[in-house]
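Close look at the chain arrangement
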Amino acid sequence: QVQLVESGGGLVQAGGSLRLSCAASGVRGSISAMGWYRQAPGKQRELVARIRSGTSTTYEDSVKGRFTISRDNPKNMVYLQMDSLKPEDTGVYYCNTEIARGFTNFNYWGQGTQVTVSS
């Protein structure tokens, strides 16, 4: 069974930095993409950053230039370096992975890690 375990969340002042990590275990098939989503109170979950099996990356507009997503493919890990954090970055951050088996992609989610940015 695929499990995603996130770490690295916490409380930080505006302008500070945090680094989130996510480790995927029990993977059968090939990981086609890994990413980070966040959900603020009262809002829908939104994509923050995503990286495909190569180096192709996608970022939500508000985090471009401040956040950097990276992968360690042999270890099935994904990281999110968050710099110049703002109070509006506050939320629960979820790790996501897409695993391809044959012609089907399967999505898996971590349990989430809280990020709180104080002003």
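None of these values were measured; they are calculated from a predicted model.

Quick word on the side chain of aspartate 89
On the secondary structure map, aspartate 89 appears in the loop between strand E8 (77-82) and strand E9 (91-101). A polar atom in the side chain of aspartate 89 sits 2.8 Å from the side chain of arginine 66. In contact with aspartate 89, other than residues within four places in its own chain, are Arg38, Val63, Arg66, Phe67, Ser84, Val115 and Val117.

Things to note about the environment of arginine 71
Tracing the backbone through its elements, the reader meets arginine 71 in strand E7 (residues 67-72). We classify arginine 71 as buried; its relative accessible area is 18%. As for arginine 71 and glutamine 3, which are separated by 68 residues in sequence, their C-alpha atoms are 17 Å apart. Within polar-contact distance, the side chain of arginine 71 engages the side chain of asparagine 73 at 2.9 Å.

Considering unusual backbone geometry
At asparagine 76, a residue that is not glycine, the phi angle is positive and equals roughly 55 degrees. Turning to its location among the elements, asparagine 76 is positioned in the loop between E7 and E8. Owing to a relative accessible area of 23%, asparagine 76 belongs among the partly exposed residues under this scheme.

A word on the side chain of threonine 113
Here threonine 113 shows up in strand E11 (residues 113-118). Side-chain polar atoms of threonine 113 contact the backbone nitrogen of glycine 9, separated by 3.4 Å.

With respect to the packing of aromatic side chains
Taken as a whole and assessed by the stated rule, the structure comprises one aromatic pair. Ring geometry for tyrosine 37 against tryptophan 109: centres 4.9 Å apart, planes inclined by 70 degrees, an arrangement best described as edge-to-face. With tyrosine 37 in strand E4 (residues 30-39) and tryptophan 109 in strand E10 (residues 104-109), this residue pair connects regions lying 72 residues apart in the sequence. For the cation-ring pair, arginine 19 lies above tyrosine 79, with the distance from its terminal atom to the ring centre recorded as 4.2 Å. Here the guanidinium or amino end of arginine 45 rests over the ring plane of tryptophan 109, the centre of that ring lying 4.7 Å away.

Points about the sheet that holds E8
The strand order across the open sheet built from four strands is E1-E3-E8-E7, with neighbouring strands paired in antiparallel fashion. Only two strands of the sheet have a single partner each, and these edge strands are strand E1 (3-7) and E7. Averaged over all neighbouring strand pairs, the angle between strand axes comes to 15 degrees, with direction disregarded. Taken together, the six bridges between strand E3 (residues 18-25) and E8 define a ladder with antiparallel strand orientation. Considered in E8, the bridge of alanine 23 is made with methionine 77.

Calculation rules
Residues numbered from 1 in each chain as written. Predicted model: local features only at pLDDT ≥ 70, side-chain atom pairs only at ≥ 80, totals over all residues. Heavy atoms only, no water. Helix = DSSP H or I, 4+ residues; strand = E, 2+ residues; numbered from the N terminus. Polar contact = N/O pair within 3.5 Å; in protein donor to acceptor, adjacent residues only side chain to side chain. Contact = heavy atoms within 4.5 Å. Buried < 20%, exposed > 50% of the residue type's maximum accessible area, 1.4 Å probe, protein only. Phe/Tyr/Trp six-rings, centres within 6.5 Å; stacked < 30°, edge-to-face > 60°. Lys NZ or Arg CZ within 6 Å of the ring centre and 35° of its normal. Pairing = 2+ DSSP bridges. Axes fitted to C-alpha atoms, helices over the stretch in contact; angles between N-to-C directions.

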